[in-house]
Amino acid sequence: MTETISMPHPQLAAIAVEKAYRKDKHKVPVLRGIDVEVNKGEFLSIVGQSGSGKSTLMHLFGLLDTPDVGEIHLEGQQIDDLPEHARDQIRNRVFGFIFQFYHLLPELNLLENVLSPLMIRYSTWEYWKKKKQFKQDAMEIIEKVGLSHRIKHRPAELSGGEMQRAAIARALIAKPQILLADEPTGNLDSSTGKEIMELLTNLNEQEQLTIIMVTHDDLIASQAHRTVRLREGQFELLGKHQSASVPA
Ligand code: ADP
Ligand code: MG
């Protein structure tokens, strides 16, 4: 028989994924057969022109949307077809998200923004019981992103770089296994963008956090372990960067 030693599964995989949107009566294909495997601790960047389907793919990875064809696997298990409730759980517990425009809540200060995913996850009673621990966790993460001096500031009182750091802290509070970063430096000047990339690289190296980052900037992309380019709905393989070591 062909029973072989079972290979460890990639942490996350897209298998023959296709996605189209409907415009008027036409189907507009966006993703036309995407295959990619991401290992734990890897930092993958996805590049492609505006409109090439980068965000669409991130939404499929993070279970914010479902593929028309193909599958998304987490640790070898198909996850895109799970019932809504299971998808919600995986989305909230496995994935962290950061975006180009931060999406912080304007009425909340930095500390409250970072705590907001926990306020949503737990009942009022549970949250109240664990509040001290949560606050301590939040303060530690805020320190890690270098914003301890800003905890009472609202988003409007923060710079772009500080808002993105706050968004990263908010993503980390739920202890995600995989960070999905959609154009995280897209709205920042190049030196601030560099600082955010340093923070992401540190999180990847020190905490083994898997990062999948979308960017249209090749220089930013080259700081990841590996880059794939989306072109006409498919991946064009670019090979590994020589400077970075890739986890097995
Ligand atoms: P990117 O992030 O690479 O700029 P997107 O994934 O946002 O690209 O979009 C890919 C294509 O799909 C674009 O042509 C866009 O207009 C279209 N598109 C994205 N989301 C939707 C949607 N919800 N409904 C219809 N068309 C969409
Ligand atoms: Mg996009």
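Quick look at the structure, then. (Residues numbered from 1 in each chain as written. Chains lettered and ligands numbered in written order. Predicted model: local features only at pLDDT ≥ 70, side-chain atom pairs only at ≥ 80, totals over all residues. Heavy atoms only, no water.)

1. Points about the overall build of the protein chain
Of regular secondary structure, the protein chain possesses seven helices and 10 strands. Its C-alpha atoms give the protein chain a radius of gyration of 19 Å, within 12% of the compact-globule value 18 Å for 248 residues. Viewed in the frame of its principal axes, the protein chain has a C-alpha envelope of about 55 × 50 × 40 Å. In the protein chain, which comprises 248 residues, the proportion classed as buried is 47%. (Helix = DSSP H or I, 4+ residues; strand = E, 2+ residues; numbered from the N terminus. Rg over C-alpha atoms; globule rule 2.2 N^0.38 Å. Buried < 20%, exposed > 50% of the residue type's maximum accessible area, 1.4 Å probe, protein only.)

2. What about helix H2 (residues 84–94)?
Those residues of H2 that fall on the buried side of the exposure criterion are Arg-87, Ile-90, Arg-91 and Val-94. Here the buried residues of H2 occupy an arc of 105 degrees about the axis, which is enough to place them on one side. Taken together, the buried residues of H2 touch strand S4 (69–74), strand S6 (95–99) and strand S7 (178–182). (Arc of directions from axis to C-beta. Contact = heavy atoms within 4.5 Å.)

3. So, the pattern of salt bridges
Evaluation of the coordinates by the stated rule reveals 13 salt bridges. One salt bridge connects Asp-65 with Lys-19, and the closest N-O pair in it is separated by 3.3 Å. Of the two residues, Asp-65 sits in the loop between helix H1 (54–61) and S4 while Lys-19 sits in strand S1 (residues 12–23), which places them 46 residues apart along the sequence. Lys-144 is paired through a salt bridge with Glu-207; the nearest N and O atoms lie 3.0 Å apart. With a gap of 63 residues between them, Lys-144 in helix H4 (residues 124–144) and Glu-207 in helix H6 (residues 190–207) connect regions that are remote in the sequence. (Salt bridge = Lys/Arg side-chain N within 4 Å of Asp/Glu carboxyl O.)

4. Focus: the site of ligand 1
As a matter of local geometry, ligand 1 sits amid Tyr-21, Val-30, Gln-49, Ser-50, Gly-51, Ser-52, Gly-53, Lys-54, Ser-55 and Thr-56. Between an oxygen atom of ligand 1 and a main-chain N or O atom of Gly-51, the distance comes to 2.7 Å. Between an oxygen atom of ligand 1 and a main-chain N or O atom of Ser-52, the distance comes to 3.2 Å. For ligand 1, whose free accessible area comes to 560 Å², the fraction covered by protein is 53%. Of the residues that constitute the shell around ligand 1, the class distribution is two nonpolar, seven polar and one charged. (Near = heavy atom within 4 Å. Polar contact = N/O pair within 3.5 Å; in protein donor to acceptor, adjacent residues only side chain to side chain. Areas by Shrake-Rupley, 256 points an atom, 1.4 Å probe, with all protein chains shown as cover. Nonpolar A, V, L, I, M, F, W, Y, C, P; charged D, E, K, R; others polar.)

5. A word on the side chain of Thr-227
Structurally, Thr-227 can be placed in strand S9 (residues 226–231). A relative accessible area of 4% means that Thr-227 is categorised as buried. A polar side-chain atom of Thr-227 sits 3.0 Å from a polar atom in the side chain of Ser-45.

6. A word on the environment of Lys-131
Its location among the elements puts Lys-131 in helix H4. The exposure class assigned to Lys-131 is partly exposed, which follows from its relative accessible area of 40%.

7. What to know about the environment of Glu-143
Topologically, Glu-143 is positioned in helix H4. Distance in space between the C-alpha atoms of Glu-143 and Glu-157 is 18 Å, their sequence separation being 14 residues.

8. Some details on the packing of aromatic side chains
What the rule picks out here adds up to five aromatic pairs. An angle of 20 degrees between the planes, with centres 5.7 Å apart, marks the rings of Trp-125 and Trp-128 as stacked. Placement of the pair is Trp-125 and Trp-128 together in helix H4, with a separation of three residues, close to one helical turn. We classify Trp-125 as exposed; its relative accessible area is 54%. Considering the side-chain rings of Tyr-127 and Phe-134, the 5.5 Å spacing of their centres and the 40 degrees angle between planes classify their relative orientation as tilted. As far as the burial class goes, Tyr-127 and Phe-134 line up, both buried. Among the aromatic residues, those joined into a ring-pair cluster are Phe-95, Phe-97 and Phe-99. (Phe/Tyr/Trp six-rings, centres within 6.5 Å; stacked < 30°, edge-to-face > 60°.)

9. Thoughts on the sheet that holds strand S2 (residues 26–38)
The four strands are arranged S2-S1-S4-S5 in an open sheet whose pairing can be described as antiparallel. Only two strands of the sheet have a single partner each, and these edge strands are S2 and strand S5 (77–78). Pairing of S1 with S2, which is carried by 10 bridges, proceeds in the antiparallel orientation. Paired with Leu-12 across the two strands is Val-38, which belongs to S2. Relative to S1, H1 is tilted by about 125 degrees, and along the sheet it contacts S1, S2 and S4. (Pairing = 2+ DSSP bridges. Axes fitted to C-alpha atoms, helices over the stretch in contact; angles between N-to-C directions.)

10. Regarding helix H5 (residues 160–172)
Helix length check: H5, at 13 residues, gives a terminal C-alpha distance of 18 Å against a target of 18 Å (1.5 Å per residue), a fit within 8%. Among all positions in H5, only Gly-161, Glu-162, Met-163, Gln-164, Arg-165, Ala-166, Ala-167, Ile-168, Ala-169, Arg-170, Ala-171 and Leu-172 are buried. (Expected span 1.5 Å × (residues − 1).)

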